[in-house]
Amino acid sequence: MKKLVSVLVLGLCFSCARTLEKDYKVVDASKQEVPEWVSDLDEWLDDEQEEDEVKDHRYYTYTTEAKSSQSLSCELAKAKAASSAAAEISTYIKDSLAQSVHGDPTAKKSDLSEYIQNNMLKEVEASVVGGQVLKTYWEKRRFDKELGAGKNWDGFVCTSLVKVSKKQLKIAFARTQKALEAKVDNTSKAEVTKLLEKAAEKYTK
């Protein structure tokens, strides 16, 4: 039976394997090989970063679409890597509220729902400051119509890695919590406070 299970699992793995054809060739890059932090961030953190650093920070990466210049691509990657922290926190808060055992408080309060949809991300972005750019990696890609590209052209793709201290992330949660509390009545305030405090503790543990 064990042998049968092994064969089935192996068969599933083979069925999932595939080779994707690229419509470009890499003709230049900032590194000879794709850095480990680009391909496997968790492994890189285990291999290269001090345990205390990883414990006290969260790490975010962003890879751009192909752009006309290397500098433009990397500046965008740096900005987007930092803002991805805010986007992740906002999504985390939305999910935490939606999973309330008492029902999603945003469904009961239109002001709260509107704030979460339109303003919360800006609030978190304003709170998540001081992100440190650790690494950038860029590639110059030559897109070729013969390989399936829409046109022949050279584009630059850049990936950036930033770290943000968990202390700063806790401040972002606290500021957002205060703003959310102002949008709900007293009967829901305690629930929202508890949900956000729990979410902050879990996210920054």
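Everything quoted here is computed from the prediction, not taken from an experiment. (Residues numbered from 1 in each chain as written. Predicted model: local features only at pLDDT ≥ 70, side-chain atom pairs only at ≥ 80, totals over all residues. Heavy atoms only, no water.)

**What to know about the packing of helix 5 (residues 70–98) against helix 8 (residues 166–181)**
Okay, step 1: Close contact between helix 5 and helix 8 brings their axes to 12 Å; oriented N to C, the two are set at 50°. Taken as axis vectors, helix 5 and helix 8 run oblique relative to one another. Where helix 5 crosses over helix 8, the two elements pack in a sense that is right-handed. Two secondary-structure elements touch here, helix 5 through Ile 89, Tyr 92 and Ile 93 and helix 8 through Leu 169, Phe 173, Thr 176 and Leu 180.
Okay, step 2: Among the residues making up the contact of helix 5 with helix 8, the classes are represented as six nonpolar, one polar and no charged. (Axes fitted to C-alpha atoms, helices over the stretch in contact; angles between N-to-C directions. Helix = DSSP H or I, 4+ residues; strand = E, 2+ residues; numbered from the N terminus. Parallel < 35°, antiparallel > 145°, perpendicular 65-115°, else oblique. Left-handed = near helix turned anticlockwise from the far one by under 90°. Contact = heavy atoms within 4.5 Å. Nonpolar A, V, L, I, M, F, W, Y, C, P; charged D, E, K, R; others polar.)

**Notes on a positive patch on the surface**
Okay, step 1: Together, Lys 194, Lys 198, Lys 202 and Lys 205 line one region of the surface with positive charge.
Okay, step 2: Examined against the element boundaries, Lys 198 turns out to sit in helix 9 (residues 186–203). (Patch = residues over 30% accessible without salt bridge, like charges linked within 9 Å, V, L, I, M, F, W, Y side chains within 5 Å. Areas by Shrake-Rupley, 256 points an atom, 1.4 Å probe, with all protein chains shown as cover. Salt bridge = Lys/Arg side-chain N within 4 Å of Asp/Glu carboxyl O. Lys, Arg positive; Asp, Glu negative; His and termini not counted. Charge placed at Lys NZ, Arg CZ, Asp CG, Glu CD.)

**Quick word on the state of the cysteines**
Okay, step 1: In the structure shown here, the tally under the stated rule is one disulfide.
Okay, step 2: Residue pairing for Cys 74: its cysteine sulfur links by disulfide to Cys 158, the two sulfurs lying 2.3 Å apart. The chirality of the disulfide connecting Cys 74 with Cys 158 is right-handed, given an S-S dihedral of about 95°. Note that Cys 74 is positioned in helix 5 and Cys 158 in strand 4 (residues 153–165), a separation of 84 residues in sequence.
Okay, step 3: Overall, the relative accessible area of 5% leaves Cys 74 in the buried class. (Disulfide = S-S within 2.5 Å. Buried < 20%, exposed > 50% of the residue type's maximum accessible area, 1.4 Å probe, protein only.)

**Here's the deal with the sheet that holds strand 3 (residues 132–143)**
Okay, step 1: Spatially, four strands are ordered 1-3-4-2 in an open sheet, and the strand pairing comes out antiparallel. At either end of the open sheet lies a strand with only one pairing partner, and these are strand 1 (24–29) and strand 2 (57–63). When strand polarity is set aside, the average angle formed by the axes of neighbouring strands in this sheet is 25°.
Okay, step 2: Note: strand 3 against strand 4, eleven bridges, orientation antiparallel. Counted as the bridge partner of Val 133 is Val 162 from strand 4. (Pairing = 2+ DSSP bridges.)

**Some words on the nonpolar core**
Okay, step 1: Counting 27 residues, the largest nonpolar core has Ile 89, Ile 93, Val 128, Phe 173 and Leu 180 as the members making the most contacts within it.
Okay, step 2: Elements with a contribution of two residues or more to this core: helix 5, helix 6 (110–118), helix 7 (120–127), strand 4, helix 8 and helix 9.
Okay, step 3: Ignoring any residue separated from it by four or fewer positions in sequence, one finds Leu 180 in contact with Ile 93, Leu 112, Tyr 115, Ile 116, Val 192 and Leu 196.
Okay, step 4: Within the second largest apolar cluster, seven residues are counted, among which are Trp 44, Leu 45, Tyr 59 and Leu 161. (Core = buried A, V, L, I, M, F, W, Y, C linked by side-chain atoms within 4.5 Å.)

**Some remarks on the pattern of salt bridges**
Okay, step 1: Under the definition given, this model contains seven salt bridges.
Okay, step 2: For the salt bridge of Lys 163 with Glu 53, the shortest nitrogen-to-oxygen distance reads 2.3 Å. One end of the pair, Lys 163, is in strand 4; the other, Glu 53, is in helix 4 (residues 51–56), with 110 residues separating them in the sequence.
Okay, step 3: You can call Glu 53 partly exposed: its relative accessible area is 28%.
Okay, step 4: With a closest N to O distance of 2.9 Å, Arg 142 and Asp 154 form a salt bridge. Of the two residues, Arg 142 is situated in strand 3 and Asp 154 in strand 4; the sequence distance between them amounts to twelve residues.
Okay, step 5: For Arg 142, a relative accessible area of 39% corresponds to the partly exposed category.
Okay, step 6: A single salt-bridge network, built from bridges that share partners, covers Lys 140, Arg 142 and Asp 154.

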